[in-house]
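# Tertiary structure, described
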Amino acid sequence: MDKIIEILSSLKTGVDFETAENIVTNKILDSIDIASLITALEDEFDIEISMEYMDNKNFDSAQAIWEMVQELQEA
Amino acid sequence: MSVASLNFLLYLLVTVVVFYICPVRFRWVILLISSVAFYVIAGGAQFLPYIILTSFAIWIFAYFIGRQNEALAKELSAEGLTKEDKKALKAKYKSRSRILLILALVIGIGILCVTKFSHYLMDYLVTLPECADGAASAAMWLIMPLGISYYTFSTVGYILDVYWKRCEHERNFLRFFLYAIYFPHIVQGPISRYRLLGQELKKELRFDYARVVSGVQLMIWGFFKKLVIADRLHIFVSNVYDGAPHPGSIFLITILFDAMMIYTDFSGYMDIVRGASQIFGVELEPNFNHPFFSKSVPEFWRRWHMSLGSWFKDYVYYPLTVSRWMKAVNKKTGKKPFGRFVTLAIPVLITWFLTGLWHGTGLPYICWGIYYGVLITLSVGFARGYEAMNRALHINAESFSFKLFRMIRIFFVFMGGRLLTSPGGLENTWLVIKTVFTDFQGWQLFDGSLTYYGLAAYDLVLLFICFFVVWAVSMMQERFSIRERLANQNIIFRWVVMYLAIFAVIIFGEYGVGYDPAAFIYMQY
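Residues numbered from 1 in each chain as written. Chains lettered and ligands numbered in written order. Predicted model: local features only at pLDDT ≥ 70, side-chain atom pairs only at ≥ 80, totals over all residues. Heavy atoms only, no water.

## Quick word on the packing of helix α2 (residues 31-45) of chain A against helix α4 (residues 62-74) of chain A
All names here are of chain A.
- Axis separation between α2 and α4 bottoms out at 12 Å; the angle between their running directions is 45 degrees. By the angle class used here, α2 and α4 are oblique. Note on packing geometry: the crossing formed by α2 with α4 is right-handed. Here Leu37, Leu41 and Phe45 of α2 lie close against α4, whose contacting residues are Ile65, Trp66, Met68, Val69 and Gln73.
- Grouping the constituent residues of the contact of α2 with α4 by class yields seven nonpolar, one polar and no charged. (Axes fitted to C-alpha atoms, helices over the stretch in contact; angles between N-to-C directions. Helix = DSSP H or I, 4+ residues; strand = E, 2+ residues; numbered from the N terminus. Parallel < 35°, antiparallel > 145°, perpendicular 65-115°, else oblique. Left-handed = near helix turned anticlockwise from the far one by under 90°. Contact = heavy atoms within 4.5 Å. Nonpolar A, V, L, I, M, F, W, Y, C, P; charged D, E, K, R; others polar.)

## Some details on the interface of chain A and chain B
- Of the residues lining the interface, 21 residues belong to chain A; the matching set on chain B comes to 27 residues.
- Contact between chain A and chain B buries roughly 2000 Å² in total, counting both sides, with carbon and sulfur atoms accounting for 56%.
- Considering only the side of chain A, the residues that lose the most area to chain B are Ile32, Met51 and Glu52 of chain A, jointly responsible for 34% of the buried surface there.
- Close ionic contact of aspartate 55 of chain A with arginine 195 of chain B constitutes a salt bridge, the shortest N to O distance being 3.9 Å.
- One can count five residue pairs in polar contact (both at pLDDT 80 or more) joining chain A with chain B.
- Breaking the side of chain A that touches chain B down by element, the ones donating at least two residues are α1 (2-11), α2 and α4 of chain A.
- Counting residues per element, the side of chain A that touches chain B draws most heavily on α2 of chain A, which supplies eight residues.
- Looking at the side of chain A that touches chain B residue by residue, the class counts come to nine nonpolar, four polar and eight charged. (Buried area = accessible area lost by both parts, 1.4 Å probe. Salt bridge = Lys/Arg side-chain N within 4 Å of Asp/Glu carboxyl O. Polar contact = N/O pair within 3.5 Å; in protein donor to acceptor, adjacent residues only side chain to side chain.)

## Topic: the domain arrangement of chain B
All names here are of chain B.
- Looking at the assigned domains, one finds that chain B contains domain 1 (6-200), domain 2 (209-288 + 436-524) and domain 3 (293-422).
- Computed from C-alpha coordinates alone, the two centres of domain 1 and domain 3 are separated by 29 Å.
- Contact residues are listed per partner, giving 17 residues for domain 1 and 13 residues for domain 3.
- Counting the surface lost from both domain 1 and domain 3, the interface buries some 1300 Å², and carbon and sulfur atoms represent 61% of this.
- Looking only at domain 1, the three residues that lose the most surface to domain 3 are Phe153, Ile191 and Arg193, adding up to 43% of its buried area.
- Applying the counting rule to domain 1 against domain 3 returns one salt bridge.
- Its salt-bridge partner being arginine 193, residue aspartate 314 comes within 2.9 Å of it at the nearest N-O pair. (Domains from an automatic or database assignment.)

## Some points on the environment of lysine 202 of chain B
Residue and element names in this part refer to chain B.
- Turning to its location among the elements, lysine 202 is positioned in the loop between α9 (194-200) and α10 (209-242).
- What makes lysine 202 partly exposed here is its relative accessible area of 39%.
- A C-alpha to C-alpha distance of 38 Å links lysine 202 and phenylalanine 414, two positions 212 residues apart in sequence.
- Other than its neighbours up to four places away in sequence, lysine 202 contacts Glu170, Arg175 and Tyr194.
- Among the polar contacts made by the side chain of lysine 202, one reaches the side chain of glutamate 170 at a distance of 2.6 Å. (Buried < 20%, exposed > 50% of the residue type's maximum accessible area, 1.4 Å probe, protein only.)

## Some details on unusual backbone geometry
- Note the cis peptide between glycine 189 of chain B and proline 190 of chain B, where omega equals 10 degrees.
- The backbone of aspartate 46 of chain A shows a phi angle near 55 degrees, a positive value even though the residue is not glycine.
- Mapped onto the secondary structure, aspartate 46 of chain A falls in the loop between α2 and α3 (56-59).
- The exposure class assigned to aspartate 46 of chain A is exposed, which follows from its relative accessible area of 70%.
- The backbone of histidine 305 of chain B shows a phi angle near 40 degrees, a positive value even though the residue is not glycine.
- Mapped onto the elements of the fold, histidine 305 of chain B is located in the loop between α12 (297-303) and α13 (306-321).

Quick look at the structure:
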């Protein structure tokens with residue numbers, strides 16, 4: 001989880017990602033940030049994010065991202 | 001039948017009356033019948049088979065993909081499966097679904113491409129004596145059906161959502177067909193998502209006085225933008241671009257008028273159809289969110305033609321980003337800044353190249369797509385550099401003056417994009433740019449020359465007042481909902497405002513020679 005906060009903070013400064021919700025729905029992260037996020041998550045956690053996971057609900061908070069990463073690691 | 005015509009208002013009125021007379025459970029059927037009738041009247045009965053074929057092909061293949069998803073979920077829920085078993089099951093079902101998806105896309109996108117691009121081949125074939133007759137008769141059948149870009153993109157988005165398990169498949173074809181052909185969105189969009197519009201159309205559509213009034217108010221605002229501003233600007237812009245060479249100052253004011261024309265024309269249309277849809281209780285997705293208040297080019301495209309930008313983001317940009325091919329490029333280019341820039345630029349440029357092709361097939365549209373692709377890549381790729389520069393120069397990015405600068409900058413960027421496509425060919429674009437810099441003749445803006453292009457002095461004064469009204473209303477809408485505020489006022493005030501707005505459209509609307517109620521600009525796409 002800390003690593004996810006670190007990645008998110010490197011993409012966008014000035015946002016408290018530990019508490020932030022709806023970060024995609026409210027356009028705190030845009031599509032290009034998400035593309036960078038995917039690359040960083042795949043490198044960091046050795047996972048492959050496919051289109052089935054490209055849904056706002058999987059990226060709307062650090063917790064949601066962490067849950068997606070765990071699911072992909074178990075799959 | 002244009003939505004900015006009296007015929008459309010009468011058609012809407014009859015549909016609304018029949019709709020609310022019918023029992024609630026049959027109201028969606030009224031919408032379906034009226035949408036098919038609208039399509040036949042506005043587009044022509046000969047094009048109905050195209051939309052039926054695309055809709056049915058997408059629906060049936062999505063249905064089978066949905067069944068595959070259900071079967072997979074059932075098999076995965078069995079106990080005792082190992083990780084490898086699950087992987088094998090997923091791979092088996094995915095390969096079946098992929099075949100179904102490809103077949104659907106070949107039919108849906110294939111029909112779109114044939115009708116959109118085949119005129120190039122036909123234009124060539126009619127020049128060959130041995131093919132001329134056959135090509136001429138074939139060309140009659142290859143005219144683009146009404147709304148094909150919009151309904152193809154909407155339905156293709158639906159099947160991709162089902163394939164990626166983001167949406168349940170629809171079991172009733174007629175329900176799906178209503179989503180595809182729903183008359184407020186068939187001509188110019190918005191490109192609706194099944195997850196949203198499909199569910200809206202399944203709601204119990206009951207009469208709600210406040211919502212109906214709100215819808216009518218939105219329509220009046222749309223008519224104001226279209227009939228009072230856009231159609232007036234259209235006269236000036238078409239007279240300049242269709243005529244002989246003009247001084248640079250006239251071209252410059254035309255570039256400004258052209259940008260305002262496309263905004264008021266397209267956003268006016270959206271307000272009319274969203275308002276009409278609200279009368280039935282069906283919410284269409286917004287397509288504009290005051291784009292000229294954007295701070296950057298990427299933000300502009302999140303506020304302008306939002307449904308198209310969102311479609312390309314979800315169904316082109318993201319699939320490219322997560323594709324194996326892109327990941328391989330990513331690994332090769334590495335984590336150095338240049339490598340990061342390349343992996344950012346490739347999907348953005350491809351997406352914008354295709355967005356350009358969606359708007360038109362000629363070289364100006366390809367250049368238009370590349371223009372925005374390059375600007376967005378530079379804007380995002382060097383975002384940190386710009387921030388550092390602002391800090392070094394002690395620029396307060398939140399100050400009014402800097403916000404104003406960014407708004408003016410966005411407007412110029414937009415005018416640059418329009419300049420690539422509006423004058424009718426890149427050679428004309430070059431002529432306009434060259435004339436602005438070499439033969440400006442600025443005094444022509446003040447000596448009455450502006451009235452030589454179809455608009456009287458009264459029209460020009462009215463236009464600048466209207467620009468101010470649009471700007472002031474947009475500023476207020478950024479802060480609050482005007483319609484909600486109006487709903488809280490007393491009845492006399494509300495009706496005075498309504499009558500003033502209606503009379504403004506009737507009195508100041510441009511219905512003179514040259515008015516073509518069918519000439520909504522985005523209809524051609």
